[in-house]
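Listed below, chain by chain, are the residues.
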Amino acid sequence: KAGVTQTPRYLIKTRGQQVTLSCSPISGHRSVSWYQQTPGQGLQFLFEYFSETQRNKGNFPGRFSGRQFSNSRSEMNVSTLELGDSALYLCASSLWQSDTGELFFGEGSRLTVL
Amino acid sequence: AQSVAQPEDQVNVAEGNPLTVKCTYSVSGNPYLFWYVQYPNRGLQFLLKYITGDNLVKGSYGFEAEFNKSQTSFHLKKPSALVSDSALYFCAVRDGSDYKLSFGAGTTVTVRA
């Protein structure tokens, strides 16, 4: 069974640009979550989608947005990039059909903003 | 609001010795607790979870964790550590009514040969 796939794995952008990251969940998983990981702030929750609906959102500015498609694939977008957006962005999928489902993480997309 | 604390930034042990990584939590409802491990430049790998039932939970790679409700703790343990256990370990909690995990800051485990 294929795991969570994130693309691209590495990317470099400059301040002011925008970026789109993609995530394909494990087959059959309908929930996709996004997390930002930085050395200073650790793992911070961005948002969670289930069946194309955003169910929860973390404390990030509106420059961070996401969506989920009917096939459960998800994208997140960051506009007007800032240096502080440099991070590892992790996508995770889950069944979330009950309260007990663990998250399965992808390898992450490492974004560097210059 | 839910939160997790991992009081130790680093844990150093010799190979073959017991390993313990500490975690305390705070939630308003029933706690769903998880441990994950992260190797350099990789995503997080699920180790084990506590939902309900026995307070001692067994997981992958010989790890186990003990849930203690009165102390609001969920410490990760391994009876005999291996050099390959060296990694970054995260404790996480989910409030039963929420759709997100809250992670601790992480504990770097170094097992020396």
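Use the structure listed above.
Because the structure is predicted, anything quoted here is derived from the model rather than measured.

Calculation rules
- Residues numbered from 1 in each chain as written.
- Chains lettered and ligands numbered in written order.
- Predicted model: local features only at pLDDT ≥ 70, side-chain atom pairs only at ≥ 80, totals over all residues.
- Heavy atoms only, no water.
- Buried < 20%, exposed > 50% of the residue type's maximum accessible area, 1.4 Å probe, protein only.
- Helix = DSSP H or I, 4+ residues; strand = E, 2+ residues; numbered from the N terminus.
- Pairing = 2+ DSSP bridges.
- Disulfide = S-S within 2.5 Å.
- Axes fitted to C-alpha atoms, helices over the stretch in contact; angles between N-to-C directions.
- Core = buried A, V, L, I, M, F, W, Y, C linked by side-chain atoms within 4.5 Å.
- Contact = heavy atoms within 4.5 Å.
- Salt bridge = Lys/Arg side-chain N within 4 Å of Asp/Glu carboxyl O.
- 1 Å grid on protein atoms, 1.4 Å probe; cavity = no way out; pocket = protein on both sides within 12 Å on 5 of 7 lines; lining within 4 Å.
- Points joined across faces, edges and corners; volume = space filled by probe spheres on them.
- Nonpolar A, V, L, I, M, F, W, Y, C, P; charged D, E, K, R; others polar.

Asker: Just to check I follow, could you spell out the pairing of strand S9 (residues 87–94) of chain A for this structure?
Answerer: The two faces of a sheet get side chains in turn, since along a regular strand they alternate between them. Residues and elements named next belong to chain A. Burial within S9 is extensive, with eight of its eight residues counted as buried. Of the two faces of S9, the one lined by Ala87, Tyr89, Cys91 and Ser93 and the one lined by Leu88, Leu90, Ala92 and Ser94 are each fully buried. The pairing of strand S4 (residues 31–38) with S9 spans seven bridges and is classified as antiparallel. Across the sheet, residue glutamine 37 finds its bridge partner in S9, namely leucine 88.

Asker: Please explain the state of the cysteines as it appears in this structure.
Answerer: When the sulfur atoms of two cysteines share a covalent bond, that bond is a disulfide. A full pass over the atoms with the stated rule returns two disulfides over all chains. Note on cysteine connectivity: Cys23(A) is disulfide-linked to Cys91(A), with sulfurs 1.8 Å apart. On the S-S bond that ties Cys23(A) to Cys91(A), the torsion sits near -60°, and the link is left-handed. Of this pair, Cys23(A) sits in strand S3 (residues 19–24) while Cys91(A) sits in strand S9; the two residues are 68 residues apart in sequence, bridging distant segments of the chain. Like Cys91(A), Cys23(A) is buried. Shown here is the disulfide that connects Cys23(B) with Cys91(B), its sulfur atoms set 2.0 Å apart.

Asker: What is the right way to look at the sheet that holds strand S7 (residues 64–68) of chain A in this model?
Answerer: Backbone-to-backbone hydrogen bonds join strands into a sheet, with any given pair of strands oriented parallel or antiparallel. Residue and element names in this part refer to chain A. Pairing is antiparallel in the open sheet, where four strands are placed in the order S1-S3-S8-S7. Where the open sheet ends on each side, the last strands, each with one partner, are strand S1 (5–7) and S7. Averaged over neighbouring strand pairs, the angle between their axes works out to 15° when direction is ignored. Taken together, the five bridges between S7 and strand S8 (residues 74–78) define a ladder with antiparallel strand orientation. Bridge pairing links phenylalanine 64 to valine 78 in S8.

Asker: Explanation requested: the nonpolar core in the structure shown.
Answerer: Generally speaking, soluble globular proteins have nonpolar side chains that are buried together. Leu19(B), Trp35(B), Leu47(B), Leu48(B), Phe74(B), Leu76(B) and Tyr89(B) are the most contacted members of the largest nonpolar core, which totals 27 residues. Only strand S2 (10–14), strand S3 (19–21), strand S5 (31–38), strand S6 (44–50), strand S8 (64–68), strand S9 (73–78), strand S10 (87–95) and strand S12 (107–112) of chain B provide two or more residues apiece to this core. Per-element accounting of this core gives the leading share, four residues, to S10(B). Once residues lying within four places of it in the same chain are set aside, the contact partners of Phe74(B) are Cys23(B), Leu33(B), Phe34(B), Trp35(B), Leu48(B), Lys49(B), Tyr50(B), Ala65(B), Glu66(B), Phe67(B) and Cys91(B). Judged by nonpolar contacts, the second largest core, of 21 residues, contains Leu11(A), Tyr49(A), Tyr89(A) and Val113(A).

Asker: Got a minute to help me understand the pattern of salt bridges in this structure?
Answerer: Opposite charge on two side chains makes pairing possible when the charged atoms of those side chains draw close. Residue and element names in this part refer to chain A. Counted under the stated rule, the structure contains 10 salt bridges over all chains. Between glutamate 48 and arginine 55 there is a salt bridge, with its nearest N and O atoms 2.8 Å apart. Residue classification places arginine 55 among the partly exposed positions, given a relative accessible area of 25%. Among the salt bridges present, the one from glutamate 75 reaches arginine 73, with a minimum N-O distance of 3.3 Å. Here arginine 73 falls in the partly exposed class, since its relative accessible area comes to 24%. Overlapping salt bridges bring together Arg63, Glu82 and Asp85 as one network.

Asker: Would you explain the layout of surface pockets in this entry?
Answerer: A water-sized probe rolled over the atoms picks out the places where empty space is left. Volume-wise, the largest pocket comes out at about 280 Å³. Considering the residues around the largest pocket, the lining is formed by 14 residues, among which Gln44(A), Phe45(A), Asn59(A), Lys100(B) and Ser102(B) are closest to the centre. When contributions to the lining of the largest pocket are tallied by element, the ones reaching two or more residues are strand S5 (42–50) of chain A together with strand S1 (3–5) and strand S11 (102–103) of chain B. Residues belonging to the lining of the largest pocket are distributed by class as follows: six nonpolar, six polar and two charged. Lining the second largest pocket are Gln37(A), Thr38(A), Pro39(A), Gly40(A), Gln41(A), Gly42(A), Leu43(A), Leu88(A), Arg110(A), Leu88(B), Phe90(B) and Ala105(B). Among the secondary structure elements, those contributing two or more residues to the lining of the second largest pocket are S4 and S5 of chain A together with S10 of chain B. The residue inventory of the lining of the second largest pocket, partitioned by class, reads six nonpolar, five polar and one charged.

By themselves, these are just geometric observations and shouldn't be taken as functional.
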